[in-house]
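# Survey of secondary and tertiary structure
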Amino acid sequence: MTDSLPMRSDHCGTLSVADIDRRVAVCGWVARRREHGEHLAFIDLRDHTGLIQCVVDGAHVLRSEFVVRITGVVRARPEGTVNPNLGTGAVELGECEVEILNIAEPPPFQLDERVEVDEMVRLAHRYVDLRTDRMQRNLRIRSKVNASLRRAMDDQGFVEIETPMLIASTPEGARDFVVPSRLTPGSFYALPQSPQLFKQLCMVGGIDRYYQIARCLRDEDLRADRQFEFMQLDTEASFVTQEEVLAFISVAVAAAVREVTGQELPEVPRMTWHEAQERFGSDKPDTRFGMELIELTPVFANTEFNAFKASCVKGIRVPGGAEFTRSRLDDLTERAKRWGAKGLVWMRVRAEGELDSPVAKFLSPEELAGLVATTESVEGDLILLVADERHAVCHVLGLLRLELGRPPVTDGGLQFLWVVDFPLFEALDDNNNPIPAHHPFTMPHAEDVELLDSGDPRDLLKVRSQAYDLVLNGWELGSGSVRIHRGDIQKRMFSLLGIEAEEAQEKFGFLLDAFRFGAPPHAGFAFGIDRLVALLAGEENIREVIAFPKTQSGHDPLTHAPSTIDAAQLEELGLRVLPPKKD
RNA sequence: GGUCCCGUGGUGCAGUUUGGAGUGCACGCCGGCCUGUCAAGCCGGAGGUCGCGGGUUCAAAUCCCGUCGGGACCGCCA
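Here goes a summary of the coordinates provided.

A count of helices and strands for chain A gives 14 helices and 22 strands. Burial analysis of chain A (583 residues in total) assigns 48% to the buried set. For chain A, the share of sequence-separated contacts (at least 6 apart) that also reach a separation of at least 24 residues comes to 67%. Of the roughly 29,500 Å² of accessible surface on chain A, 51% is carried by carbon and sulfur atoms. Treating the 65 positive side-chain charges of chain A as one cloud and the 92 negative ones as another, the clouds have centres 2 Å apart.

The next point concerns the nonpolar core. In this structure, Val145, Leu233, Ile249, Phe416, Leu470, Phe527 and Leu532 are the most contacted members of the largest nonpolar core, which totals 69 residues. No other element matches helix α5 (residues 242-261), which puts 10 residues into this core. The residues contacting Leu233, other than those within four sequence positions of it, are Leu149, Met153, Tyr211, Gln212, Ile213, Ala252, Phe525, Ala526, Phe527 and Ile529. The next biggest cluster of nonpolar side chains, apart from the first, holds 22 residues, and it includes Ile316, Val318, Ala336 and Val386.

A separate point is the pairing of strand β14 (residues 345-349). The element β14 is largely enclosed, with a buried count of five among its five residues. With burial as the criterion, each face of β14 is covered, one bearing Val345, Met347 and Val349 and the other bearing Trp346 and Arg348. Where β14 lies against strand β16 (residues 382-388), four bridges are found, and the strand directions are antiparallel. Bridge pairing in β16 links Val345 to Leu385. Bridge count between β14 and strand β15 (residues 355-356): two bridges; the pairing is antiparallel. Bridging from a neighbouring strand, Val349 pairs with Leu355 of β15. Between β14 and β15, which pair antiparallel in sequence order, lie five residues; one of them, Glu352, sits at a positive phi of approximately 60°.

Each value, and the rule that gives it
- Residues numbered from 1 in each chain as written.
- Chains lettered and ligands numbered in written order.
- Predicted model: local features only at pLDDT ≥ 70, side-chain atom pairs only at ≥ 80, totals over all residues.
- Heavy atoms only, no water.
- Helix = DSSP H or I, 4+ residues; strand = E, 2+ residues; numbered from the N terminus.
- Buried < 20%, exposed > 50% of the residue type's maximum accessible area, 1.4 Å probe, protein only.
- Contact = heavy atoms within 4.5 Å.
- Areas by Shrake-Rupley, 256 points an atom, 1.4 Å probe, with all protein chains shown as cover.
- Lys, Arg positive; Asp, Glu negative; His and termini not counted.
- Charge placed at Lys NZ, Arg CZ, Asp CG, Glu CD.
- Core = buried A, V, L, I, M, F, W, Y, C linked by side-chain atoms within 4.5 Å.
- Pairing = 2+ DSSP bridges.

What follows is the structure in C-alpha cells.
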C-alpha cells in the first residue's frame, strides 16, 4: 500500500457514473478474468456488494478467488462496451494497480449460479459457499429481519431478556439435548426447547412485556423446515388477551415483511382450527391455492357401495387431472395408503359429466350426479375420494392436495393466516385421559370451561383452547396461547391430564410455586425466524438461510460434528460410553 | 421406526431400461495465442477405485444382495 488511499475507499458494487474520475481503492475476490494478450485483461472483482470490472495490464498472476486490492480511476466504459446485465456495467476501473493480499487455490465448486452444486460439497466448504450471491443475499435478509423484529418489539414496549441455555430437563415435549455436569457427575443440564417456562416466570416478575430472539434446540429428526437448533422470536405479555397478542405479533411480522419486500402486509386473515381441518385437511393450510376438501358424506349417506359406508366421505377435484396415467393414479393410491387411507377412489370426468372409474358401476345414478354437482366438476377433471373416519379422511386428502397442487415456494405471494380455536386436547389415551394439543399451561376457551366437568371424556375433545398458530404458505411459523395463571385451574388441568399433584410438583414445581406469589394473566407467542426468512428469501429449505446448518442426519460436513471426545474428558464428566448397538 | 429418490474426473450432467475396452457433453483447471471482453474467443493438455463390499456372468457404471453417504416425505417435533 504505497498510495494515500485507505485500504478500501469504496465497495465494488456501489461504483457508478457519479464516481467518474475518482481514484478509488477496492478490495475483494477475483470472480473472473478475461485476458486479451500480454497487455490487456479484465478482472471482475467481487465483494458483498457486487462486481466491478477492472482493466489491468496483464493478469497472468491472478487466479480465481485471489484476494486483491485494486486501486484505479473510475471511468465511463467506451461506447458499445456497456454491460446492462451488471449493476456497475456503465463504468470500469482504469489505470489499475493490483496488490495481491492473498493467493487462493481454485475453489472446490463454481461460484456462479448457473448450476446447482451438491449441498454436501457446499457445506463442506461453506466459507466459500457463503461468497455466492445467494448466500450473501439470504444472510443479509436474515439480518434485516432480526433487526426489524427487534425494533418492532422495542417500539411496542417489550423488554429483551436473555434466558439460560443450561436448564433442567423436563420430560414433556420434544427430546432434549443434554449436557453432562462436571461438578455434579451423573447429572445433566438440558438445552432449552424454548424459553417457555422462563418467560412465564418473567411475567410473574413484573417484566410485563418480554421478548427474545432465542435459540431453541430439539433433538428430533431433521427436515427441510427443521434443524436441531433454530431461532424464534419469543414473546410474552401480561394483562393482555389473545387479540392483543395477535396484534403485536402482526406488527412485528409486518415490519419484517416491509423491511425485506417493501410491501405493506394486509391484515392477516383468520380461520378456526376446525375449518382448517375440514377445508384443507391440515392445521397449517397452504392458502395459496384452492383444491379444497369437498364434503361428500351426504351424497353417499344411503350408498350400497361398501367402501363408502363410512362416517365420512370427502374428495378433492384436480383440474385437468383426467390426463393422469393409470400408473400415476396407482402411485397416488399407494401414497394414500401409506398415509393411512384404506384406499383411494379416482374418477375421471368425461364429457357431459360421465365418470370413468373402476367403481362407477357400484354407485347409483343419483350418487354419480350428486358427486359431479357437489364437486362442480367439469370435463377433464379428476376426482379423488377417501372414505374413513373424519380425521383420517381429512389428513390423507390434505396431503394429496399438497402433493398435487402445491405451487413452488416463490409463487403465490406471502399468504399469512391465523389459525385460532385449537382444541385443548387432541385425543384420548388408552386410559381415557386426554392428550394435550399444546402444553398443559394453555387456558381453555372461556365458553367451553363447563365441558371440562361434564364427566364424559368425549366432551373434553370439544373443548377449545385459547391457542393460536401463525401459518405462512403452509408452513407453521409459530404458535402461542393464553396461559393458565391461576393455581386452581392449573390443578384441574393436571388432574384431567392424569398428572398427579406430586408429579406436577416434581416436573413444574418452580412454575407452580411462582404462581402462588401473584401471577398476572398473561399470554404469548413464538415464531420461527428461520422459516420466515426462508419464505421471504424464496427458499424451499431453511438450510439456505442458516450460515452453518447440519445435514438431515445431524452432521456438519464442515466441522465434522458430532465427534467423539477423549477418555480424559469422559473421566472428568464421570461418563462411560457403551459399545455401539449391533441390532 | 418407515417409504421413495440420488451417488459417473474438481463441478454439473448423459450413459444404466436392453451387460461388451472409462465412452460423451458443458463448466472449471494447466499451457499457448489473442488490445474491449463481460458465461470472452481459438488451439493444445492433464485429470476417473463409475460411493464402498460381495454375488451372477466369458464380460458389470449397467443385473442381484448388502452397506455407507446425501435428499424429500410419513411417524416424531407438548
